[in-house]
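# Architecture at a glance
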Amino acid sequence: MLDVTTPGEQDSSIEVLPTSTPVPAEDRRSLMADPAFGSVFTDHMATIRWNGERGWHNAQVRARAPFPIDPACSVLHYAQEIFEGLKAYRQADDRIALFRPAQNARRFADSARRMAMPPVPEELFLAAIKALVATDCDWVPHGEGSLYLRPFMFSSEAFLGVRPSNEYTFCVIACPVGNYFKGGVKPLNLWLSEEHSRAAPGGTGAAKCGGNYAAGLLAQAEAQQNGCDQVVFLDAVEHRWIEELGGMNLFFVMNDNSIVTPQLGGTILPGITRSSIITLARDCGLSVEERRYAITEWRNDAASGRLIEAFACGTAAVVAGIGSARSASFELTVADRQTGRLTKALRDELIGMQLGHIPDRHGWIDIVDLTA
Ligand SMILES: *Cc1c(COP(=O)(O)O)cnc(C)c1O
């Protein structure tokens, strides 16, 4: 493994340079009224630079602006890029909460190590996110919406040699998002890709990197051409075992109160929503098995009635029921129109905790200090 040590003492302080031209309050309110996911951005961004000589430096919150980019910028050629996704929620008492952000900090560092990038110290990662949320707190929606935060890092050295870059840019941007299920809950129809794989053993499937998404986009386009919403990827070796969707983990609910979810092991992204759901399901006495689940098993369990619900989960959509899955050669139905009872209960419990309506038994809520 690459040893990327940070020279000198790590300082987690962030310089805040508020923009002199924020979006006027009235315009902000209309932009926030009905934002499509990822299309409306706040006034600021957080940025931190890294190079081999200085380590992490120039930590700032400043006006959101384009990056000047050299045509030889390493990320454009060799795709050293990773990201995270988490949300800030406005609770009923107007405090602003993050959900398990330390898990995102840790996963971001794990992704960095896999991509031979210098991990952002977890304290610094959290400080940058909190400074951005505090600066842009007027952009955190009321009610069911939230502020989606997108930390990311890319290699920014202008150099075409093939080796890990000697310069990186870390950045956090933010977008207000509405309730994902506005317009009613509609179960997802999945396309099972028999031709394309997302991740192979020894590859980058467990790292949250843009390259995994690039590898999945052709299958996603195929899903849409076939009238489906999302792709289910199978394992790359036997094309037999269910792995996950392009950006969400999967769960299968059986009629004996047991739940099955594909086991982690390098080719599946370890979702924070996935881990939270395993905990919440076990809290209410359900047995959760993390194991391999074959496509033939899914077909048999759906046909026999043993499988009563299936759902996908991730930060953006939280929990989404699955209606059907099909490929060029088969089709199965889980639920016609409705979202299953347990799927809905788990979603309500997670969202209730995030919005502060349900007590935080597990210490998952992290309140942002808006005065800092
Ligand atoms: C981000 C992501 C998930 C979901 O992770 P959460 O931490 O729950 O948001 C699942 N699969 C992939 C491939 C992802 O990139």
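Another aspect to go through is the overall build of the chain. The helix and strand tally for the chain stands at eight helices and 18 strands. Taken over C-alpha atoms, the radius of gyration comes to 21 Å for the chain, in line with the 21 Å a tight globule of 372 residues would show. Viewed in the frame of its principal axes, the chain has a C-alpha envelope of about 60 × 50 × 35 Å. Counting the 372 residues in the chain, one finds 51% classified as buried. Taking all contacts inside the chain whose residues are at least 6 apart in sequence as the whole, residues at least 24 apart take part in 71%. Surface summary for the chain: the accessible area is close to 16700 Å², and the carbon and sulfur share equals 50%. Looking at charge distribution, the chain has the averaged site of its 34 positive side-chain charges lying 3 Å from that of its 44 negative ones.

Once that is clear, we can look at unusual backbone geometry. The phi dihedral of Ala 116 falls on the positive side, at around 55°, and the residue is not glycine. Tracing the sequence through the fold places Ala 116 in the loop between α3 (101-114) and α4 (122-135). Backbone geometry at His 239 places phi at a positive 55°, although glycine is not the residue there. Structurally, His 239 is set in the loop between β10 (230-234) and β11 (242-245).

Here we come to helix α5 (residues 210-225). In this model α5 runs 23 Å from its N-terminal to its C-terminal C-alpha over 16 residues, within 8% of the 22 Å that 1.5 Å per residue would give. Along its length, α5 reaches its greatest deviation from straightness, about 40°, at Leu 217. Buried positions along α5 lie against β9 (188-192) and β10. Downstream of α5 by a residue or two, Gly 227 has a phi angle that is positive, lying close to 75°.

What follows concerns the domain arrangement of the chain. Entries for the chain in the domain assignment read domain 1 (15-177) and domain 2 (188-354). Taking only C-alpha atoms, the centre of domain 1 and the centre of domain 2 are 28 Å apart. Listed by partner, the interface residues are 20 residues for domain 1 and 20 residues for domain 2. The contact between domain 1 and domain 2 buries some 1700 Å² in all, and 59% of this surface belongs to carbon and sulfur atoms. For the domain 1 face of the interface with domain 2, the top three residues by lost area are Phe 83, Phe 99 and Arg 107, together amounting to 36%. Between domain 1 and domain 2 we count zero salt bridges in total.

Attention shifts here to the site of the ligand. By nearness alone, 15 residues border the ligand, and Lys 208, Tyr 213, Glu 244, Thr 273 and Thr 315 come closest of all. With respect to the ligand, the side chain of Glu 244 contributes an N or O atom lying 2.6 Å from a nitrogen atom. Protein burial of the ligand: of its 380 Å² of free accessible surface, 97% is covered by the chains. Of the pockets mapped on this structure, the ligand occupies the largest pocket. In terms of residue class, the shell around the ligand is built from four nonpolar, seven polar and four charged.

Reading guide: rules and limits
Residues numbered from 1 in each chain as written. Predicted model: local features only at pLDDT ≥ 70, side-chain atom pairs only at ≥ 80, totals over all residues. Heavy atoms only, no water. Helix = DSSP H or I, 4+ residues; strand = E, 2+ residues; numbered from the N terminus. Rg over C-alpha atoms; globule rule 2.2 N^0.38 Å. Buried < 20%, exposed > 50% of the residue type's maximum accessible area, 1.4 Å probe, protein only. Contact = heavy atoms within 4.5 Å. Areas by Shrake-Rupley, 256 points an atom, 1.4 Å probe, with all protein chains shown as cover. Lys, Arg positive; Asp, Glu negative; His and termini not counted. Charge placed at Lys NZ, Arg CZ, Asp CG, Glu CD. Expected span 1.5 Å × (residues − 1). Bend = angle between axes of the 7 residues up to and from the residue. Domains from an automatic or database assignment. Buried area = accessible area lost by both parts, 1.4 Å probe. Salt bridge = Lys/Arg side-chain N within 4 Å of Asp/Glu carboxyl O. Near = heavy atom within 4 Å. Polar contact = N/O pair within 3.5 Å; in protein donor to acceptor, adjacent residues only side chain to side chain. 1 Å grid on protein atoms, 1.4 Å probe; cavity = no way out; pocket = protein on both sides within 12 Å on 5 of 7 lines; lining within 4 Å. Sits in = over half its atoms within 2 Å of the grid points. Nonpolar A, V, L, I, M, F, W, Y, C, P; charged D, E, K, R; others polar.

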